[in-house]
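# Secondary and tertiary structure notes
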Number of protein chains: 2
Amino acid sequence: MTINRNSKIPYYQQLYEILRSEIEQGGWQPGDLLPPESELISTYQLSRNTVREVMDMLVNEGFIYRERGRGTFVAQPKMEQALVRIINFTQDMQQRGLSPSSRILESSLLTAPADIAEALQVPESAELGLLKRLRLGNQKPMSVEEAYFIHARCPGFLERHDYTRTSLREALEQDYGLRWLRAKQIIRAITAPKDIAPLLQVTSHAPLLMIERVTYAEDDRPAEFLRAYYRGDRYSLYNELNG
Amino acid sequence: MTINRNSKIPYYQQLYEILRSEIEQGGWQPGDLLPPESELISTYQLSRNTVREVMDMLVNEGFIYRERGRGTFVAQPKMEQALVRIINFTQDMQQRGLSPSSRILESSLLTAPADIAEALQVPESAELGLLKRLRLGNQKPMSVEEAYFIHARCPGFLERHDYTRTSLREALEQDYGLRWLRAKQIIRAITAPKDIAPLLQVTSHAPLLMIERVTYAEDDRPAEFLRAYYRGDRYSLYNELNG
DNA sequence: TAGTGGTCTAGACCACAAA
DNA sequence: TTGTGGTCTAGACCACTAA
């Protein structure tokens, strides 16, 4: 991998993709020492500022950390990822040390309910795809997840894959070129709705964490609405704050 | 305000403090156009890289945003602050457009319970200060907040102020020089404990958001343990994620 | 066209860790 | 002492916005 000098993509973004995929694909493991800045400079023929700009991004996102005089290291994946980056259930469970699995509860087309239509910025007559799954960690019910998609943007996606195994995100990116750029989410505490409680094997008084998320694609238009119900006794969120 | 060339504090940190306090103290209002980089460069006699480094920090933290060709502007305070920065109840309520108030439920000294001792990294015999407050938004119960402090680090703080009005954080900073640098928190959904439910005027089945937070001072040692119970029907958390 | 922010370079000196 | 990251400078050219 080298820097493409003719591309319109800035060098720092290219280098970012290179280093991040090296980390995410496992070329470098947590705790590993990264090449020093001087080596990255000569390898990729970039100035120190440009290299450091990329490292700053990776540090801010928690992928790497620096120790003055010693070097730069790959960081341990953090639990807080769930509140910083768009990650899927599989990644989330793995970070928590649980073995993920899924069961499909429903896979259908429907016309958009009012609240979801608004979140997705489509008319209420719009056709949506719905994928409803039970998510398990170590074989025990962890959450119920309802994912709504604008059908016009990804026709036929429901039939294409076995979503017990395939990540929706991967499928959408591969088949339709839909890349998720950012998302907004709301986190609430609720008591288990009547239809959700038995799926999670809890009583209808049980407390749940409900997360509603709107994901935006690269064109900054909403692409997905996700509503997830997590068992309060099995799932919590962790994050770090700055002064 | 100018840059102190003899200080050991890096220029970029000095400029950061200057600009951030200008924004936070209200010298610049949301939507205001900031001076262009060229002006900051000549005003503070710094290079463009140093000025931009500071602006990058403020952009990352959501204080300002840039528009190419137009300028740099002060951002609207975001709701998501509650999941990014350490803010107090008063700021949180104001961001939500609610009028904050408080009632003190308990103010006492105690020996550290096991779980809190561990979080604060003190022995179980350590003496802690406890400040327990009912927090209201628009006069309605919003949360119950229990703040535990290591008494040895701030002796007598309970008697010094009227914590119905004074922020604990301000008091600790002014009286003991304790500045909060960062915090870690866990967010859970629970049903209202028997002793909390009546305070929040909910039944004991009601769902609550429980947030437990350990705050670290500048020396990176734990300074405070906070446990807050929020009414699930009145309080939710919002944040944004990146791809 | 003038002014803004976006990207990039090629240096410099410093503080800290490890050998 | 050597090599690392931390801070800082003084330039350059580009893309976009508004006049």
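Note that the structure is a prediction, hence the values are computed from the model and not measured. (Residues numbered from 1 in each chain as written. Chains lettered and ligands numbered in written order. Predicted model: local features only at pLDDT ≥ 70, side-chain atom pairs only at ≥ 80, totals over all residues. Heavy atoms only, no water.)

## Quick word on the nonpolar core
Here is the rule we go by: In this text, buried Ala, Val, Leu, Ile, Met, Phe, Trp, Tyr and Cys residues form a nonpolar core when linked through side-chain atoms within 4.5 Å. For every residue, the accessible area (1.4 Å probe, protein chains only) is compared with the maximum for its type, and the residue is labelled buried under 20%, exposed over 50%, or partly exposed between those bounds. Helix numbers and strand numbers start at the N terminus; a helix is a DSSP run of H or I with at least 4 residues, a strand a run of E with at least 2. Note on contacts: a residue pair is in contact if any heavy atoms of the two residues lie within 4.5 Å.
Within the largest apolar cluster, 28 residues are counted, with the highest numbers of intra-cluster contacts made by Leu 237 of chain A together with Leu 237 of chain B. Breaking this core down by element, the ones donating at least two residues are α4 (89–95), β6 (180–191), β7 (207–217) and β8 (222–231) of chain A together with α4 (89–95), β6 (180–191), β7 (207–217) and β8 (222–231) of chain B. Apart from the residues within four sequence positions on either side, Leu 237 of chain A is in contact with Ala 82, Leu 83, Arg 96, Ile 187, Leu 209 and Ile 211 of chain A together with Gln 185, Ile 186 and Ile 187 of chain B.

## Considering the domain arrangement of chain A
In plain terms, the rule: Start and end points for every domain follow an automatic or database-based domain assignment.
Splitting chain A by domain gives domain 1 (11–74) and domain 2 (79–238). Taken over C-alpha atoms, the centre of domain 1 of chain A sits 32 Å from the centre of domain 2 of chain A.

## Examining unusual backbone geometry
All names here are of chain B. The backbone phi angle of Gln 45 is positive, close to 55°, even though this residue is not glycine. Its identity as a non-glycine residue notwithstanding, Gln 201 has a phi of 60°, on the positive side. Among the secondary structure elements, Gln 201 is positioned in the loop between α8 (197–200) and β7. Given a relative accessible area of 58%, Gln 201 falls into the exposed group.

## A few points about the relation of the copies chain B and chain A
Put simply, the test is: Copy-to-copy alignment: least squares on C-alpha atoms, limited to residues at pLDDT 70 or above in both.
Superposing chain B onto chain A requires a rotation of 180° together with a translation of 0.1 Å along the rotation axis, leaving an RMSD of 0.2 Å. Both copies are brought into coincidence by an operation consistent with a two-fold rotation axis. Residue by residue, 100% of the interface of chain B is reproduced at the interface of chain A, so both copies engage with the same surface.

## Focus: the protein's contact with DNA strand C
Defined as follows: Definition of nearness: a residue and a molecule or strand are near each other if at least one heavy atom of the residue lies within 4 Å of the molecule or strand. For the purposes of these results, a polar contact is taken to be a pair of N or O atoms within 3.5 Å, where, inside protein, one atom must be able to donate a hydrogen and its partner to accept one; residues adjacent in sequence count only when each atom of the pair is a side-chain atom. Each residue gets one label: Ala, Val, Leu, Ile, Met, Phe, Trp, Tyr, Cys and Pro are nonpolar, Asp, Glu, Lys and Arg are charged, and the others, such as Gly, are polar.
Surrounding DNA strand C, one finds 25 residues, the nearest of these being Tyr 11, Tyr 12, Arg 68 and Arg 70 of chain A together with Arg 48 of chain B. Those atoms of DNA strand C that come within 4 Å of the protein belong to sugar or phosphate at a rate of 70%. Between a phosphate oxygen of DNA strand C and a main-chain N or O atom of Tyr 11 of chain A, the distance comes to 2.4 Å. Arg 70 of chain A places a side-chain nitrogen or oxygen 3.3 Å from a phosphate oxygen of DNA strand C. For the surface near DNA strand C, the elements supplying multiple residues, two or more each, are α1 (11–24) and α3 (48–60) of chain A together with α2 (37–44), α3 (48–60), β1 (64–67) and β2 (71–74) of chain B. Residues belonging to the surface near DNA strand C are distributed by class as follows: five nonpolar, ten polar and ten charged.

## A closer look at helix α7 (residues 168–176) of chain B
All names here are of chain B. Going by this rule: The arc in question is formed by the directions pointing from the helix axis toward the C-beta atoms.
When α7 is considered as a whole, its buried residues turn out to be Leu 168, Arg 169, Ala 171 and Leu 172. Across the axial projection of α7, the buried residues extend over an arc of 165°, all falling on one side. Taken together, the buried residues of α7 touch β4 (127–137), β5 (140–150), α6 (157–160) and β6. For α7, the N-terminal cap is Ser 167; the gap from its side-chain oxygen to the backbone nitrogen of Arg 169 is 3.1 Å.

## Brief notes about the protein's contact with DNA strand D
The local shell around DNA strand D holds 25 residues, among which Arg 48 of chain A together with Tyr 11, Tyr 12, Arg 68 and Arg 70 of chain B are the closest. Near-protein atoms of DNA strand D (within 4 Å) split between backbone and bases, with sugar and phosphate holding 70%. In the environment of DNA strand D, a base nitrogen lies 2.7 Å from a nitrogen or oxygen atom belonging to the side chain of Arg 48 of chain A. Residue Gly 69 of chain A places a main-chain N or O atom 3.2 Å away from a base nitrogen belonging to DNA strand D. Contributing elements (two or more residues each) for the surface near DNA strand D: α2 (37–44), α3, β1 (64–67) and β2 (71–74) of chain A together with α1 (11–24) and α3 of chain B. Taken together, the residues that form the surface near DNA strand D break down as five nonpolar, ten polar and ten charged.

## Focus: the pairing of β8 of chain B
All names here are of chain B. So the rule is basically this: Two strands qualify as a pair provided that DSSP identifies no fewer than 2 bridges between them.
Most of β8 sits inside the fold, with ten of its ten residues counted as buried. Pairing between β5 and β8: seven bridges, direction antiparallel. The residue bridging Tyr 148 from the neighbouring strand is Phe 225, located in β8. Relative to β8, β7 runs antiparallel, the two being bridged by nine bridges. Its bridge partner lying in β8, Met 210 is registered against Tyr 229. If you look at the hairpin formed by β7 and β8, you'll find four residues sitting between the two strands, and Asp 220 has a positive phi there, around 70°.

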